[in-house]
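Chain residues, written in single-letter form:
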Amino acid sequence: MAYEDAQLKRPAADLSEVLDFRAILHSFVQNGTTPPGIFKLNRDFDRPVFCFEERPGFYFIPGAIGIEEQCYWVRESLTSFPQPPNRTNHNAIYGEIQDLFLAVQGQRLLVEVGDPIAAVNHRINSDEKPLNLDDRRWAFMEKTSGISNGSRKSIDAAVLLRKLRWSTLGLQFDWSKRNYDNSLAHNKIPDKLCHLAKKLAAPAVEKGDFKPEAAIVNYFGSDDTLGGHLDDMEEDWSKPIVSISLGCKAIFLLGGDSREDPPIAMFVRSGDVVLMAGPARECFHGIPRIFTNEENAEVSPLVAEFLRQEDCYFVDYIRTSRININIRQVH
Ligand SMILES: O=C(O)CCC(=O)C(=O)O
Ligand SMILES: [Fe+2]
């Protein structure tokens, strides 16, 4: 996942060069035409599916997810997906964090509560089973509790949510070994996500079945990018990666199988779905830019839906963030 690629990282200077599949869909519906090098799949699916002549195995489904469903997946991405045993980028520093989003709503602080010296003293001075403070050294506390004063380290739950960069569902991906680690505790990928991924994957599944086993959820704040990379840790590359965009608009760069191939730049908006299967699994790709300013983020329908549901914490988050859920068959 971590192949840096200067070419893919560079933002497109001229946005008029960036392909806009919403406009492509619009003209296809109006007059049945597509730009040179792009065609619509002939087979019938719920929505038109577009492909590039020069990138077989890559599929773009504009507006594949409706607005209410987008809200549902944003909620899940912020509330249940980061819950243990799913791992997040915060695990390495804080250990398991339970109920991060509830803590944001409660305006709490994550406070370092474990005190290694107290634990040793406790062990020396008592016959009791030693306190297992090393397992849970951080806990959420009320800001008013006063415990954050003094020498204890603490961090605002809202800051932690901002710094959430990824969570992993189903089989857990070990970023240090760049591989799936079957021995790590995990839950099955949620049924609803499994059903959705199977349905979305259909245009890219020619034979056999697509079995969603793992997902990586990427969270992007305004300056976050994802460098050019390949997802090459899954066994069967004929199976697609199903990639769902939520929140702010971004630019997706699709390179070729060589770093020399000039990448194709396209906008990805909330509700768009990309599939990469077969030869497209060997295409470098990345996210060089997300748009968090109001006029370019194109997130207002989603914001309006959350406002209707009176969910200000979701609104605050999604106004300036993008979430990508990408689902994979591992074995
Ligand atoms: O954010 C995206 O649209 C792409 C994510 C991706 O390529 C990945 O997680 O491997
Ligand atoms: Fe990827």
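Residues numbered from 1 in each chain as written. Chains lettered and ligands numbered in written order. Predicted model: local features only at pLDDT ≥ 70, side-chain atom pairs only at ≥ 80, totals over all residues. Heavy atoms only, no water.

The name recorded for the protein in an unreviewed UniProt entry is Fe2OG dioxygenase domain-containing protein, from Amborella trichopoda. The Sequence similarities (unreviewed entry) comment attached to the protein in UniProt states, word for word, "Belongs to the alkB family." (UniProt positions renumbered as here; feature names shortened; annotations may be inferred.)

Quick look at the UniProt feature "binding site: Fe cation" (unreviewed entry) in the protein
Mapped onto this numbering, the UniProt entry gives "binding site: Fe cation" (unreviewed entry) at H229, D231 and H285. Across 57 residues of sequence, these annotated residues stay compact in space, with a maximum C-alpha separation of 9.2 Å. Structurally, D231 is set in the loop between β12 (226–229) and β13 (241–247). On the accessibility criterion, D231 (4% relative accessible area) is buried. A polar atom in the side chain of D231 sits 3.4 Å from the side chain of H229. You can see H285 is positioned in strand β17 (residues 285–290). (Helix = DSSP H or I, 4+ residues; strand = E, 2+ residues; numbered from the N terminus. Buried < 20%, exposed > 50% of the residue type's maximum accessible area, 1.4 Å probe, protein only. Polar contact = N/O pair within 3.5 Å; in protein donor to acceptor, adjacent residues only side chain to side chain.)

A word on the side chain of Q172
For Q172, the position within the fold is in the loop between β8 (166–170) and β9 (173–174). Among the residues examined, Q172 registers a relative accessible area of 0% and is labelled buried. Sequence-distant contacts of Q172, defined by excluding residues within four places in its chain, comprise P85, N86, R87, N179, Y180, D181, L184, A185 and H186. (Contact = heavy atoms within 4.5 Å.)

Quick word on the sheet that holds strand β7 (residues 154–156)
Working definition: the strands of a sheet are paired by backbone hydrogen bonds and lie parallel or antiparallel to each other. With respect to topology, 3 strands assemble into an open sheet ordered β6-β5-β7, the strand pairing being antiparallel. Strands at the two margins of the open sheet, each flanked by one partner only, are β6 (138–141) and β7. The mean inter-strand angle of the sheet, taken between neighbouring strand axes irrespective of direction, is 25 degrees. (Pairing = 2+ DSSP bridges. Axes fitted to C-alpha atoms, helices over the stretch in contact; angles between N-to-C directions.)

As for the nonpolar core
Ranked by internal contacts, the top residues of the largest apolar core, which has 80 residues, are F58, I323 and I325. For this core, the element with the highest residue contribution is helix α8 (residues 191–201), accounting for 6 residues. Split by domain, the residues of this core number at least three in each of domain 1 (21–86 + 165–328) and domain 2 (90–122 + 133–161). Not counting the four nearest positions on each side in its chain, I325 is found in contact with W73, S77, F81, L193, A215, I216, V217, V242, S243, I244 and L246. (Core = buried A, V, L, I, M, F, W, Y, C linked by side-chain atoms within 4.5 Å. Domains from an automatic or database assignment.)

Some words on the pairing of β8
The two faces of the sheet receive side chains in turn, since in a regular strand these alternate between them. Counting buried positions along β8 gives 5 out of 5 residues, so the element sits mostly inside the fold. In the sheet, strand β4 (residues 87–88) pairs with β8 via 2 bridges, with the strands oriented antiparallel. Along β8, the bridge assignment pairs R87 with T168. Taken together, the 5 bridges between β8 and strand β11 (residues 214–220) define a ladder with antiparallel strand orientation.

Structural notes on the sheet that holds strand β1 (residues 38–40)
Judged by pairing direction, the sheet is antiparallel, and its 9 strands sit side by side in the order β1-β2-β3-β16-β13-β18-β11-β8-β4 without closing on themselves. Of all the strands in the sheet, the pair left with one neighbour each is β1 and β4. Inspection of the sheet shows β13 paired to strand β18 (residues 322–328) by 6 bridges, in the antiparallel sense. Within β18, the position partnered with I244 by the bridge is I325. The sheet strands contacting α8 are β3 (58–61), β8, β11, β13, β16 (273–276) and β18, and the helix crosses β13 at an angle near 110 degrees.

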